[in-house]
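Reading the structure
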Amino acid sequence: MSSSSKATTTEDPKSNTDEQPAPPRSTKRARTSVSTSSSQSASTATSSNASSTSSSQPPSSSTAASNEAGTPPKTPVKTPARSAAAPATAPKATIAKTPKLTVSGVLSTMKANMKDVEVQEKCCEDLKTLANDAENHALIAAANGVACVIEAMKIYSKNVNLQSKACGALGILARDKDNQKQIVDGGGIDSVLTAMRLHITNTIVQENGCFVLLNLAFKNAEHKSRIANDGAISVIIAAMREHQKNAVVQKMACGALWNLTVNAEIQQKMGQEGAVIPLLDAMRAHETIADVQKKAAGALSNMAANRENQEQIVREGGIKCLLTALTAHASSAVVQEVAIGALAKLAANSLDHQKQIVNGGCLAPVIESMKTYRKNSAIQETGSRLFNSISFFFFNLGNEVLTEITHRVLSAIKGHKALVVQQEAFGALWNLAINQTIKIQIAAELPALLVSMQENISQSALLERACTLMWTLSFLPDGKTALVPQVPLFTSIQKEHPHNDTIQKHCSNLVRGLSTPSISSSSSSSN
């Protein structure tokens, strides 16, 4: 008996904190008249257009020195006489400090120069820099900085440089909840999607656009629905197809799809719009890049909660892609966790998929992963869930493999108190116990199993599996002997779950079967 798959899996846990935007890209333009500091914003606003854009090249060294040091004095300055022996010393150059970026300065400059696209570009880049400091998020939100960026995107929708820098700024700002709300409420989703549609061939726009969507969708059900309903899925897929060889675009796009697919309706929509093949293509094109493997596998795992998606993933070679990810990234715990979880989803309720997973060589790397990452509860859970799902094919496995699987599952129970680990592990042990050799191996660990039952006495799903396993083990002579003192535990479990038929059935059988020998034994000893 296999456990039913969950409707959704965990979202990308780090997309909103660890995910990094595209690295800042240096610009070769240096315009001395454009300043985003608060002290210079007023002068920028009043300066003529010609002076603000007169030169697209950096000033020469002599001009720069003159501007920094000021106008030289017109009258000669007398210097004290110097002895002949004293060496001549060059005068120290005075270097003016670059004005410090401030939120108020950048936004003042932006608002005062809405008709100057180059100023808007520079200000968007500066906002992105400021937003990398989390302390500035609240200041930007309070000053309606997001609205300025979105307004610039609307005015200069056809300017690719502006769009790339604006999306980069929004991507960082979207890490903050207040700024997220301003982006969504201010029409930011539409502006980002418009930029991605108009500039489909530009990798930076696609990369930064996906990054905005990734962060907006993180753990926010309302935003997920808004993004999906506004047509983002097809836009993301188009970016993946257009930039298949670009690992950064693929990483951001896969991350956005992963964060979107934790909703059954969106999972179905994603399958209908053709997300499966681009995700698998990304895994094949970037086998050595862990981030692409992790995010693509995460999106596929979530999509696999939908039966039609599950079938297409397997049909298009998804099992092989996941196996490649496991073997190529054995040193990445996150890749292991997500890929094993995806395999477990694909195995649920499908004998054909289970057969392909077993015959395709997936069990060995899963066993090795559980062994390597013994302290990782997520890997122990997903590994145990996969083994629980493929139980029909345990008959085809040799005792050596079954023994190793059992050892790993027992270690998961003993090493992790998390309910999800305990529950999946008990399910796997219940199915493994059909083999007599394995049944004896499990019985040797009864003390640890009974402790888990006591600690989780209120958890019906776990106890259904555990009580069924105990009933199976009670047919072993050693198992029966070890279980006789546990009759009070089984009675307590019955009282705790009076309306659970499975628990009532197996506990009644256990109490009845274990009590009779103990009474007989006590009678003979008293005589």
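Within any chain, residue numbers begin from 1 and follow the written order of that chain's sequence. Only residues with pLDDT of 70 or above have their local features reported here, since the model is predicted, and side-chain atom pairs are shown and tallied only from 80 upward, although totals for entire chains, interfaces and linings are computed over all residues. Heavy atoms throughout the structure, all of them, feed into the side-chain values; hydrogens and water do not.

This paragraph deals with the pattern of salt bridges. Each salt bridge in this description consists of a side-chain nitrogen of Lys or Arg and a carboxyl oxygen of Asp or Glu lying within 4 Å of one another. Across all of its chains, the model carries 13 salt bridges by this definition. Ionic pairing is found between Lys295 and Asp291, a salt bridge with its closest N-O pair at 3.8 Å. Of this pair, Lys295 and Asp291 both sit in helix H17 (residues 290-303), 4 residues apart, roughly one helical turn. On the basis of relative accessible area, Lys295 is assigned to the buried category, the value being 0%. For each residue, the accessible area found with a 1.4 Å probe, counting protein chains only, is set against the maximum for its type, and the residue is called buried under 20%, exposed over 50%, and partly exposed in between. Residue class for Asp291 comes out partly exposed when judged on its relative accessible area of 29%. Between Arg385 and Glu381 there is a salt bridge, and its shortest N-O distance comes to 3.8 Å. On the criterion of helical spacing, the pair formed by Arg385 and Glu381 is a turn pair, its members being 4 residues apart in helix H23 (residues 377-389). A network of salt bridges, in which partner residues are shared, links Lys251, Asp291, Lys294 and Lys295. A run of H or I in DSSP counts as a helix once it spans at least four residues, and a run of E counts as a strand once it spans at least two, with each numbered from the N terminus.

With that settled, the discussion passes to the packing of helix H26 (residues 436-443) against helix H28 (residues 460-473). Every axis corresponds to a line fitted to the C-alpha atoms, with the helix fit spanning only the stretch in contact, and the corresponding angles, defined between N-to-C directions, vary from 0 to 180 degrees. Orientation of H26 relative to H28, taken along the N-to-C sense of each, is 110°, at an axis distance of 10 Å. The pairing of H26 with H28 is recorded here as roughly perpendicular in orientation. In this structure, H26 crosses over H28, and the sense of that crossing is left-handed. Here H26 contributes Lys439, Ile442 and Ala443 to the contact with H28, which in turn contributes Leu469, Thr472 and Leu473. The residue inventory of the contact of H26 with H28, partitioned by class, reads 4 nonpolar, 1 polar and 1 charged. Roughly parallel covers angles under 35 degrees, roughly antiparallel covers those over 145, roughly perpendicular covers 65 to 115, and oblique covers all other angles. Left-handed describes a crossing whose near helix is turned anticlockwise from the far helix through less than a right angle; right-handed describes the clockwise counterpart. Only heavy atoms enter the contact rule, under which two residues are in contact if any of them lie within 4.5 Å. Gly is placed with the polar residues, together with every amino acid not listed as nonpolar (Ala, Val, Leu, Ile, Met, Phe, Trp, Tyr, Cys and Pro) or charged (Asp, Glu, Lys and Arg).

Here a pair means two rings of Phe, Tyr or Trp (six-membered ring of Trp) with centres within 6.5 Å. Their orientation is stacked below 30 degrees between planes, edge-to-face above 60, and tilted elsewhere. With the rule as written, the count across this model stands at 2 aromatic pairs. Seen in terms of ring centroids, Phe392 and Phe393 are 5.4 Å apart; in terms of plane orientation they differ by 75°. Their pairing is edge-to-face. Judged by its relative accessible area of 9%, Phe393 is buried. Centroid distance Trp471 to Phe475: 4.8 Å. Interplanar angle 75°. Geometry classified as edge-to-face. We classify Trp471 as partly exposed; its relative accessible area is 25%. We classify Phe475 as exposed; its relative accessible area is 57%.

Our focus in this paragraph is the environment of Leu213. Mapped onto the secondary structure, Leu213 falls in helix H11 (residues 203-217). Judged by relative accessible area, Leu213 falls into the buried class, the value being 1%. Remark: the alpha-carbon pair of Leu213 and Leu257, spanning 44 residues in sequence, is separated by 8.9 Å. Once residues within four sequence positions are removed from consideration, Leu213 is found in contact with Leu193, Met196, Ile227, Ala232, Ile236 and Ala256.

Glancing now at helix H20 (residues 333-347). Its 15 residues give H20 an end-to-end C-alpha distance of 21 Å, which sits within 8% of 21 Å, the value for a rise of 1.5 Å per residue. The buried fraction of H20 amounts to 12 of the 15 residues, a majority that puts the element mostly inside the structure. Along H20, the positions that sit buried rather than exposed are Val335, Gln336, Val338, Ala339, Ile340, Gly341, Ala342, Leu343, Ala344, Lys345, Leu346 and Ala347. Asn349, located one to two residues past H20, shows a positive phi value of around 65°. To estimate how far a helix should reach, multiply one less than its number of residues by 1.5 Å.

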